[in-house]
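Understanding the architecture of this molecule
Residues per chain, in single letters:
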Amino acid sequence: MQNATKYPLNFVRFLGTSGTRFIMLSQRRASGGIWFTYGGSRGVIDPGPGSLVRICDAEPPLSAIDINTIILTHKHIDHSSDMNALVEGMTLKSREKKGSALMPRDCVSGGDAVLLKHFADRIKDIHFHEDRAVTKLVTGTTVESVAHKHHGVECYGLIFRGDGLPTWGVISDTSAQAHFPERYSDCRMLIINTTLPLPKATLDHMSAADAESLMQVLHPRLAVLTHMGNMLLDMGPERIASRISTDQTRAIAATDGMIINLDELS
Ligand SMILES: [Zn+2]
Ligand SMILES: [Zn+2]
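Heads up: these notes are all about the structure in this document. (Residues numbered from 1 in each chain as written. Chains lettered and ligands numbered in written order. Predicted model: local features only at pLDDT ≥ 70, side-chain atom pairs only at ≥ 80, totals over all residues. Heavy atoms only, no water.)

1. A word on the overall build of the protein chain
Secondary structure summary: the protein chain contains nine helices and 15 strands in total. A compact globule built from 266 residues should have a C-alpha radius of gyration of about 18 Å, and the protein chain, at 17 Å, falls within 12% of that. Dimensions along the principal axes, computed over C-alpha positions, put the protein chain at roughly 50 × 40 × 35 Å. Counted over contacts in the protein chain with a minimum sequence separation of 6, partners at least 24 positions apart contribute 65%. Computed over 27 positive and 29 negative side-chain charges, the separation of the two mean positions in the protein chain equals 3 Å. (Helix = DSSP H or I, 4+ residues; strand = E, 2+ residues; numbered from the N terminus. Rg over C-alpha atoms; globule rule 2.2 N^0.38 Å. Contact = heavy atoms within 4.5 Å. Lys, Arg positive; Asp, Glu negative; His and termini not counted. Charge placed at Lys NZ, Arg CZ, Asp CG, Glu CD.)

Structure representation (structure tokens):
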């Protein structure tokens, strides 16, 4: 985590840290998803409302025209609304199809698509999540998809790997699943959509208590809580993160605009 005058070689920047529709609608926290620059891949995970604005406002500058990868973990509006605008950036002025995208199949089919056909037709490689599938992005880095359970929509977590690069993962919107400890075991950093303080049987979202249990098995070097709901924000996510940190894992709460240097995880 740092305030940079120049970006590290490999990094993530939080374009938003909001969880739930309520936080998205009030913009108590921004809802732009996560920018990543990793082994030549430059892209956004879950570009919700305001993603493009957050990219344009970023300091040091970022540009939607530099994007070569767009990833959706699922189709909910707080994760997908700016997808088409970012495809416009990714494919701007190109006569040929360009870039890659990874998303659940229900983002483009089923009569309720979030990616318009006009934009889908401009993307060079469209990949669909399947549990355990490893997708090679345009630049050679890979993303493994991890099945999630989230209110009846297709939803997947992500594990990024690249030669000589630290492995890191994203646990998106989901209730805690028994396969997470095995699947995320080699992640040096884990970004966890931690919406609630405590698990709630009716909500398919991770809680701070779920994140704490995972960390005690997985021991990533860094755990980053994001996608926070009202209750968690009211309680003070920084305090919660420091309470669940362990000797092996530093847990932090993401803030809008936060940059994490992935090279420091090596
Ligand atoms: Zn969400
Ligand atoms: Zn969702």
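2. Details of the environment of valine 146
By secondary structure assignment, the location of valine 146 is in strand S8 (residues 142-147). The exposure class of valine 146 is buried, given its relative accessible area of 0%. Separated by 12 residues in the primary sequence, valine 146 and valine 134 have C-alpha atoms spaced 9.7 Å apart. Apart from residues lying up to four places away in sequence, valine 146 is in contact with Asp131, Cys155, Tyr156, Gly157, Ile159, His179, Phe180, Arg183 and Tyr184. (Buried < 20%, exposed > 50% of the residue type's maximum accessible area, 1.4 Å probe, protein only.)

3. Some points on the side chain of threonine 17
As for its position among the elements, threonine 17 is in the loop between strand S1 (11-16) and helix H1 (20-26). Note on threonine 17: relative accessible area 0%, which makes it buried. At a separation of 2.6 Å, a polar atom in the side chain of threonine 17 contacts the side chain of aspartate 256. (Polar contact = N/O pair within 3.5 Å; in protein donor to acceptor, adjacent residues only side chain to side chain.)

4. Overview of the coordination of the zinc ion (ligand 2)
Taken together, the protein donors to the zinc ion (ligand 2) comprise His74 (NE2), His76 (ND1), His150 (NE2) and Asp173 (OD), at separations of 2.1 to 2.4 Å. Taken together, the four donor atoms coordinating the zinc ion (ligand 2) and their angles of 89 to 175 degrees define a geometry best described as irregular. Site description for the zinc ion (ligand 2): donor spacing in sequence, H-x1-H-x73-H-x22-D. In this structure the zinc ion (ligand 1) is found 3.3 Å away from the zinc ion (ligand 2), and aspartate 173 serves as a bridging donor for the pair. Taken as a pair, histidine 74 in the loop between strand S4 (69-71) and helix H3 (77-80) and histidine 150 in the loop between S8 and strand S9 (156-162) lie far apart in primary sequence, 76 residues in all. As far as the burial class goes, histidine 74 and histidine 150 line up, both buried. (Donors = N, O, S within 2.8 Å, 3.2 Å for Na, K, Ca; no water. Tetrahedral: all angles 85-135°; square planar, octahedral: opposite > 155°, others 65-115°.)

5. Brief notes about the sheet that holds S1
One open sheet holds the seven strands; their spatial order is S6-S5-S4-S3-S2-S1-S15, and the pairing between them is mixed. With one partner strand each, in any of the chains shown, strand S6 (123-128) and strand S15 (259-261) form the two edges of the open sheet. If you compare each strand with its neighbour and ignore which way they point, the axes differ by 15 degrees on average. Where S4 meets strand S5 (residues 98-103), three bridges bridge the pair, whose relative direction is parallel. Each bridged residue has a counterpart across the sheet, and for threonine 69 the counterpart in S5 is serine 100. (Pairing = 2+ DSSP bridges. Axes fitted to C-alpha atoms, helices over the stretch in contact; angles between N-to-C directions.)

6. Considering the packing of aromatic side chains
Scanning the model with the defined rule gives seven aromatic pairs in all. On the basis of an interplanar angle of 80 degrees and a centroid distance of 5.7 Å, the ring pair of phenylalanine 180 and tyrosine 184 is categorised as edge-to-face. An aromatic cluster of at least three residues, connected via ring pairs, comprises Phe36, Tyr38, Phe160 and Trp168. (Phe/Tyr/Trp six-rings, centres within 6.5 Å; stacked < 30°, edge-to-face > 60°.)

7. Here we look at the pattern of salt bridges
Inspection of the entire model under this criterion finds 11 salt bridges. Here aspartate 125 makes a salt bridge to lysine 124, at a shortest N to O gap of 3.9 Å. We classify aspartate 125 as partly exposed; its relative accessible area is 27%. With a closest N to O distance of 2.9 Å, arginine 183 and aspartate 131 form a salt bridge. Placement of arginine 183 in helix H6 (residues 180-183) and of aspartate 131 in the loop between S6 and strand S7 (134-136) is noted, with a sequence separation of 52 residues between them. Among the charged side chains, a network of salt bridges with common partners joins Asp131, Glu144, Arg161, Arg183 and Asp186. (Salt bridge = Lys/Arg side-chain N within 4 Å of Asp/Glu carboxyl O.)

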